[in-house]
Amino acid sequence: MKKAANEALDRRTAETTYTGPVPDQAEMNERMARIQDASLQQFAQMRGEIGDLMDRISRGR
């Protein structure tokens, strides 16, 4: 039973181990920073537009 369990675990490890190139962590961090900056800009724009809409609604337009 122990041998079968170990063989199953070994097969699972072999099937799920990533064998491709290792991503460049610095590049990944840079990309994530750009995505976060873009997201913040989008949220700021949406916040302004929502604020404008709420003002128009409160004025009865």
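You'll find the structure just up there.
Quantities reported herein were computed from a predicted structural model and do not represent experimental measurements.

Novice: Teacher, can you tell me more about the pattern of salt bridges here?
Specialist: Opposite charge on two side chains permits pairing when their charged atoms draw close. For the structure shown, the criterion picks out two salt bridges. For the salt bridge of Glu-27 with Arg-31, the shortest nitrogen-to-oxygen distance reads 2.7 Å. Remark: Arg-31 and Glu-27 occur in helix H2 (residues 25–58); sequence separation between them is four residues, near one turn of the helix. The partly exposed category is assigned to Glu-27, whose relative accessible area is 35%. Judged by relative accessible area, Arg-31 falls into the partly exposed class, the value being 42%. Its salt-bridge partner being Glu-30, residue Arg-34 comes within 2.8 Å of it at the nearest N-O pair. One end of the pair is Arg-34 and the other is Glu-30, both in helix H2 and four residues apart, which spans about a single turn. We classify Arg-34 as partly exposed; its relative accessible area is 48%. Residue classification places Glu-30 among the partly exposed positions, given a relative accessible area of 49%.

Each value, and the rule that gives it
- Residues numbered from 1 in each chain as written.
- Predicted model: local features only at pLDDT ≥ 70, side-chain atom pairs only at ≥ 80, totals over all residues.
- Heavy atoms only, no water.
- Salt bridge = Lys/Arg side-chain N within 4 Å of Asp/Glu carboxyl O.
- Helix = DSSP H or I, 4+ residues; strand = E, 2+ residues; numbered from the N terminus.
- Buried < 20%, exposed > 50% of the residue type's maximum accessible area, 1.4 Å probe, protein only.

Keep in mind these values describe shape, not function.
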